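Okay, here's what each chain looks like letter by letter:
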Amino acid sequence: MNIQNIIPSIQILTPILAITISTISLVVTSRIGAKAARLTKDIAEERERPYVAIYYHSIPNNDFKTLIIKNFGRTGAHIQDITFNPILNDYMGNPLFAKLKGTFLAPSQSISYSFQSDYIKDIQPKEYQVVANYYNGKHKDFTESFNINFGSEVELRSTYRTSDDVNKDISYTLQDMYNKMI
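Residues numbered from 1 in each chain as written. Predicted model: local features only at pLDDT ≥ 70, side-chain atom pairs only at ≥ 80, totals over all residues. Heavy atoms only, no water.

Things to note about the nonpolar core
Then, number 1: Grouped together as the largest cluster of nonpolar side chains are 27 residues, with contacts concentrated most on Ile54, Leu67, Ile82, Phe84, Phe97 and Phe150.
Then, number 2: Elements supplying a minimum of two residues to this core: strand E1 (52-58), strand E2 (64-71), strand E3 (77-85), strand E5 (110-116), strand E6 (127-135) and strand E7 (141-149).
Then, number 3: Leave out the neighbours within four places in its chain, and phenylalanine 97 touches Leu67, Ile69, Ile82, Phe84 and Tyr113. (Core = buried A, V, L, I, M, F, W, Y, C linked by side-chain atoms within 4.5 Å. Buried < 20%, exposed > 50% of the residue type's maximum accessible area, 1.4 Å probe, protein only. Helix = DSSP H or I, 4+ residues; strand = E, 2+ residues; numbered from the N terminus. Contact = heavy atoms within 4.5 Å.)

Observations regarding the environment of isoleucine 82
Then, number 1: Examined against the element boundaries, isoleucine 82 turns out to sit in strand E3.
Then, number 2: Residues isoleucine 82 and tyrosine 134 lie 52 residues apart in sequence; the distance between their C-alpha atoms is 8.7 Å.
Then, number 3: When sequence neighbours within four positions are dropped, the list of residues in contact with isoleucine 82 reads Ile54, Ile69, Leu96, Phe97, Leu100, Val130, Val131 and Ala132.

Quick notes on the sheet that holds strand E4 (residues 104-105)
Then, number 1: One open sheet holds the four strands; their spatial order is E4-E3-E6-E7, and the pairing between them is antiparallel. One side of each edge strand has no neighbouring strand; the edge strands of this open sheet are E4 and E7.
Then, number 2: Inspection of the sheet shows E6 paired to E7 by nine bridges, in the antiparallel sense. Residue pairing for E7: tyrosine 134 is matched across the bridge by phenylalanine 142. (Pairing = 2+ DSSP bridges.)

A closer look at the packing of aromatic side chains
Then, number 1: Per the counting criterion, the structure on display carries nine aromatic pairs.
Then, number 2: A centroid spacing of 6.5 Å and a plane angle of 80° characterise the contact between phenylalanine 97 and tyrosine 113, whose relative ring orientation is edge-to-face. Pair noted here: phenylalanine 97 is in the loop between E3 and E4 and tyrosine 113 is in strand E5, with a separation of 16 residues, a long-range link. Each member of the pair, phenylalanine 97 as well as tyrosine 113, is classed as buried.
Then, number 3: Taken together, Tyr56, Phe84, Phe97, Tyr113, Phe115, Tyr128 and Phe150 form an aromatic cluster joined through their ring pairs.
Then, number 4: Cation over ring: arginine 49 sits above tyrosine 51, and NZ or CZ is 4.1 Å from the ring centre. (Phe/Tyr/Trp six-rings, centres within 6.5 Å; stacked < 30°, edge-to-face > 60°. Lys NZ or Arg CZ within 6 Å of the ring centre and 35° of its normal.)

As structure tokens, this is what we get:
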């Protein structure tokens, strides 16, 4: 085979090969870019969404125990419904939080319902599953599920004191702040 015959073939194939490699690189790069853009959008939406939580709050030596609904997210939440399984009624016999349907919960806003400690002691069963259905300003639906145990004796510390000794109050407050930090 003569080298004179191979050179024209190489000169013809080289640009075709370069264009093919460039096209493949362009397609792969654009797909990676599109995937990265979608991922960035998803992360931004997740960061900016509402996060509605329902939890049980108890303070030592207090006659009331509180159930709290709070939006920990960065955007508002439109409450569709909050259901308890089994059904939990308020003092009037209505399903708890049923009146919140259609309300708006702003970021960091919370709504609470307090029970007398004796009511909590008599409540049966002690464990409930709570489901919160809500949507954001773009009408994207979210559902959160929580387990509430009214038999739990976990209590949050409070910095509220009623003694006449200021130094004692400051000491207790500092202890409470330390316990909250750990």
